[in-house]
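# Secondary and tertiary structure notes
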Amino acid sequence: MSLHSMSAAILLLCCSNILAASDGSAVAEGERLFNQQCQFCHNGLVPEAPTIEALKLYPPERVIDALNGGVMSTAGLPLSGQQMKNVAYYLTGKQPKTANTQPSLNFCSGALQENNNDASWLSWGGFGNQRFQANEHTLTRDNISTLRLEWAFAFPETTRIRSQPIVTASHTYIGSQDGTVYALDTQSGCVHWTFQADAEVRGSLQLHEGNSAVGNRLLFGDFKANAYSIDAVTGKLHWKTRVHEHELATITGAVVADTNRLYVPVSSSEVVPAGQDSYPCCSFRGALAALTLRDGSIDWITYTTPKPVPTGTNSAGTQQYGPSGAPVWSGPTLDDKRGVVMITTGQNYSSPATGTSDAVIALDKKDGTIKWVSQLTARDAWNGACARQRANCPAENGPDFDIGAAAVLVETGKGRDLVFAGQKSGMVAAMDPNDNGEIVWKQRVGRGGTMGGVHWGMSSDGIRLYVGISDVPTGNKYTVGEAQPGVHALDPTTGDFLWRTVLKNSCKPGGKFACFSGISAAISSANGLVFAGGLDGILRAYDASDGDLLWSYNTSRDFESVNGAPALGGAIESDGPVIANGRVFVTSGYDKWAEMPGNVLLSFGVPARSEK
């Protein structure tokens, strides 16, 4: 944290003159400061920034945290602690709390007893990041039409969910926007315990089943680039390790563990301050860190670009650095057969572009040595300055086709192992892991774009590769063809289409938030079924053999939550449906990209199960 941020933090802690609701001067100053420092990004010109309508739903503490050391810390540098409070007061109409208050939680009356079974979903994507539940037998094509809501859990004072749940027969674990990790009862949604991380938990947790001496661990990362190991039964902290030296480093993808190590993907928020002409762009470089599972010590760390060096000044006279970027947005994929761990990377932030951006990279599990790199799009360097063509936009200026989805490792029906990668370009590629990632085939599935193509994850049962396409229109000049929002099934050995379901936009015009029928969230499959959550808030189930729609549920509405907190569904983004033990779990609500905010985790089951 910078000295200025530390001073602001002290002011926030020590300041005692809490604003009165009638203090018009504080509101006026907050409005002036917001218009001066923040309005440009939040009025729709920077698509990723939450809209003003979404910010109104924030608790004031979150606005202050974002300005003071959070994602908007660069905008908060000129502000005193009181000024940050004024901005928060103007936006939310609420005063910061003077003391901690207990959120709306429904604690379970009985003790937590772990009861794992074969149909659990214990990580982001399971084996090979296939997002396929091989042990699901309760849900079928015949009864899926009767699937109904069993319970809804509301995350207090939250406007988005980024942490996919992991589920066992007895309980469900999930992180949240304010950094709280919850252990919920799978049957009822009551709370067994909570753990407070230092920042938002964006990636899925992983339940690592240990021996009698170690016990079961929950492993995850937070927005401040901390990795954690906590006890799965009690929530007690084992260890916490910061995994990257850059102040804007973060963890957005799920962590993955084998017997000895935890593999942590590292991305960053540096593309945001890079939009300012005075920011020395850019110094972050993506990485994969391997931590010793026992104590969290860093075993090795491998960066995706060389160390940035000075490259000259921009048109505003600010020093620039490069190469940089190539963040790792998604979870790694373990390949024990070949002794490697695979990551996917995003675009470079500054020139020169490298051969490791927009790529699949395989690293030796033992020491992090790069074994092979398969790049899908070359010369892709982009940051927030390019949205407005400001001084820090690199010479390449896009196309911003990073790979945000994890690589998928599959043994196909013909006995051949292949690695699949989908990217924002709308392209899907198959690579040979036995031939240094040599590309076997490529298929254009979507139009692509800044929010187009494949975003968060594909699924495969070995027979088909299921691809969700977003294709939200954003004016990206590198798009190709017509938009194809929906779910598509490919032959994994050839890339040929087996079926396609392109969704019509059924969103009602004139709403406060953006709505589109694309599939941005990761999709999942099990027992002849494919589940996909849409940006329109609709969760859909398809027949895996032909793409017929078998069931749908609109989550964009109010719910009665089991914990009594206000509950609202919205856009389904990022994390995808989880299928376990005859149930389907999905989160709903996302406040970025002007999308529909929300704060719920929903559990669905078929009536026969619900009535037992």
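Residues numbered from 1 in each chain as written. Predicted model: local features only at pLDDT ≥ 70, side-chain atom pairs only at ≥ 80, totals over all residues. Heavy atoms only, no water.

### Things to note about the overall build of the chain
Within the chain, the regular secondary structure consists of eight helices and 37 strands. Burial status across the chain gives 63% buried among its 612 residues. In the structure as shown, the chain presents an accessible area of about 22,400 Å², 50% of it carried by carbon and sulfur atoms. (Helix = DSSP H or I, 4+ residues; strand = E, 2+ residues; numbered from the N terminus. Buried < 20%, exposed > 50% of the residue type's maximum accessible area, 1.4 Å probe, protein only. Areas by Shrake-Rupley, 256 points an atom, 1.4 Å probe, with all protein chains shown as cover.)

### Some points on the packing of aromatic side chains
If you walk through the whole model with that rule in mind, you get 17 aromatic pairs. Residues F153 and F155 carry aromatic rings whose centres are separated by 5.2 Å and whose planes lie at 85 degrees to one another, so their mutual orientation is edge-to-face. F153 sits in the buried class, given a relative accessible area of 0%. Aromatic pair F420 and W441: ring centres 5.9 Å apart, planes at 40 degrees, arrangement tilted. Of this pair, F420 sits in strand 22 (residues 417-422) while W441 sits in strand 24 (residues 438-444), and the two are 21 residues apart along the sequence. A single burial state applies to F420 and to W441, both of which are buried. Three or more aromatic residues link up through ring pairs in this structure, and these residues are F153, F155 and Y182. The side chain of R131 reaches across the aromatic face of W124, ending 4.5 Å from its centre. (Phe/Tyr/Trp six-rings, centres within 6.5 Å; stacked < 30°, edge-to-face > 60°. Lys NZ or Arg CZ within 6 Å of the ring centre and 35° of its normal.)

### What to know about unusual backbone geometry
In this chain, C281 is followed by C282 through a cis amide linkage whose omega measures -10 degrees. Relative to the helices and strands, C282 resides in the loop between strand 12 (261-268) and strand 13 (287-292). Residue S351 is joined to P352 through a cis peptide bond whose omega torsion reads 0 degrees. You can see P352 is positioned in the loop between strand 18 (340-344) and strand 19 (359-364).

### Details of the pairing of strand 31 (residues 538-543)
With six of its six residues buried, strand 31 lies for the most part within the structure. Both faces of strand 31 are covered, namely the face carrying I538, R540 and Y542 and the face carrying L539, A541 and D543. In the sheet, strand 30 (residues 529-533) pairs with strand 31 via five bridges, with the strands oriented antiparallel. Bridge assignment links G533 to a residue of strand 31, and that residue is L539. Taken together, strand 31 and the strand that follows it, strand 32 (residues 549-554), pair antiparallel across an intervening segment of five residues, in which G547 is found at a positive phi of about 80 degrees. (Pairing = 2+ DSSP bridges.)

Read these as geometric descriptors, not functional statements.
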